[in-house]
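# Survey of secondary and tertiary structure
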Amino acid sequence: MQQAVNAAVVDAIVALKEASKGLPNALLRDLNAIHPNTAFNDLPQPVQATVAASVRSAFTMLQKEGYAIAEAQSARPRAPQPPRARGK
């Protein structure tokens, strides 16, 4: 898991560098625009593509290692249903 996260971070940094086209000021601008509340759509397009590819790669790696991947809604435990009142 740590390997997948590390690869995703490195890939995102490389994508930020490529998006700046070698211009240090553009790279700094893009880095400064990222903060804890940054949404996925706020990231530069090359970074979005890289993050999407990293996520797909991480899911594939986890599945190969035997982890089960499910949608968040289907993975949540259901609360027990209250007993039904019996009719007379």
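As a reminder, the structure under discussion sits directly above these lines.
What comes next is a walk through the structure.

What the protein chain contains, in helices and strands, is four helices and zero strands. When the helices and strands of the protein chain are placed in sequence order, the string is α-α-α-α. For the protein chain, the exposed surface amounts to about 7700 Å²; the carbon and sulfur share of it is 56%.

Our focus in this paragraph is the pattern of salt bridges. Using the criterion set out here, one finds one salt bridge in the structure. Between D30 and R29 there is a salt bridge whose closest N-O contact spans 3.2 Å. Overall, the relative accessible area of 54% leaves R29 in the exposed class.

As a packed pair, helix 1 (residues 2-19) and helix 3 (residues 45-64) sit with axes 9 Å apart at the nearest point and diverge in direction by 160 degrees. The pairing of helix 1 with helix 3 is recorded here as roughly antiparallel in orientation. Along this stretch, helix 1 crosses helix 3, giving a crossing that reads as right-handed. Where helix 1 abuts helix 3, its residues A4, A8, D11, A12, A15, L16 and A19 lie against P46, V47, T50, S54, A58 and M61. Here the residues of the contact of helix 1 with helix 3 are counted per class, giving ten nonpolar, two polar and one charged.

The subject of this paragraph is a nonpolar patch on the surface. Where nonpolar side chains cluster on the molecular surface, the patch consists of M1, V5, V9 and I13 and spans about 380 Å² of accessible area. Along the chain, the position of I13 falls in helix 1.

What follows deals with helix 1. With 18 residues, helix 1 ought to run about 26 Å at 1.5 Å a step, and its terminal C-alpha atoms sit 26 Å apart, in line with that. For helix 1, the set of buried residues is A4, A12, A15 and L16. Projected onto a plane normal to the axis of helix 1, the buried residues spread over an arc of 110 degrees and lie on a single side. Residues of helix 1 that are exposed and point more than 90 degrees away from the buried face comprise Q2, Q3, K17 and E18.

Cut-offs applied
- Numbers given to residues run from 1 along each chain, matching the order in which its sequence is written.
- Where totals are concerned, whole chains, interfaces and linings use all residues; where local detail is concerned, this predicted model gives features only for residues with pLDDT of at least 70, and gives and counts side-chain atom pairs only at 80 or more.
- As a rule here, side-chain values come from all non-hydrogen atoms in the structure, and water together with hydrogens is ignored.
- The numbering of helices and of strands both runs from the N terminus, where a helix is a DSSP run of H or I of at least 4 residues and a strand a run of E of at least 2.
- Surface accessibility follows the Shrake-Rupley procedure with a 1.4 Å probe radius. Residue values consider only the protein chains on display as shielding.
- Any Lys or Arg side-chain nitrogen located within 4 Å of an Asp or Glu carboxyl oxygen qualifies as a salt bridge.
- When a residue's accessible area, from a 1.4 Å probe over protein chains only, is under 20% of the maximum for its type it is buried; when over 50% it is exposed; and in between it is partly exposed.
- To get an axis, fit a line to the C-alpha atoms, keeping to the stretch in contact for a helix; angles then go from 0 to 180 degrees between the N-to-C directions.
- Note on angle classes: values under 35 degrees are labelled roughly parallel, values over 145 roughly antiparallel, values of 65 to 115 roughly perpendicular, and the remainder oblique.
- Note on convention: the crossing is left-handed when the near helix lies turned anticlockwise from the far helix by less than a right angle, right-handed when the turn is clockwise.
- Here, two residues are considered to be in contact whenever any of their heavy atoms come within 4.5 Å of each other.
- Only Asp, Glu, Lys and Arg are considered charged in this grouping, and only Ala, Val, Leu, Ile, Met, Phe, Trp, Tyr, Cys and Pro are considered nonpolar; every other residue, Gly among them, is considered polar.
- Each patch groups residues whose relative accessible area exceeds 30% and which form no salt bridge, using 9 Å between like charges and 5 Å between nonpolar side chains of Val, Leu, Ile, Met, Phe, Trp and Tyr.
- Multiplying one less than the number of residues by 1.5 Å gives the expected span of a helix.
- Working definition: the arc comes from the directions between the helix axis and the C-beta atoms, pointing outward to the latter.

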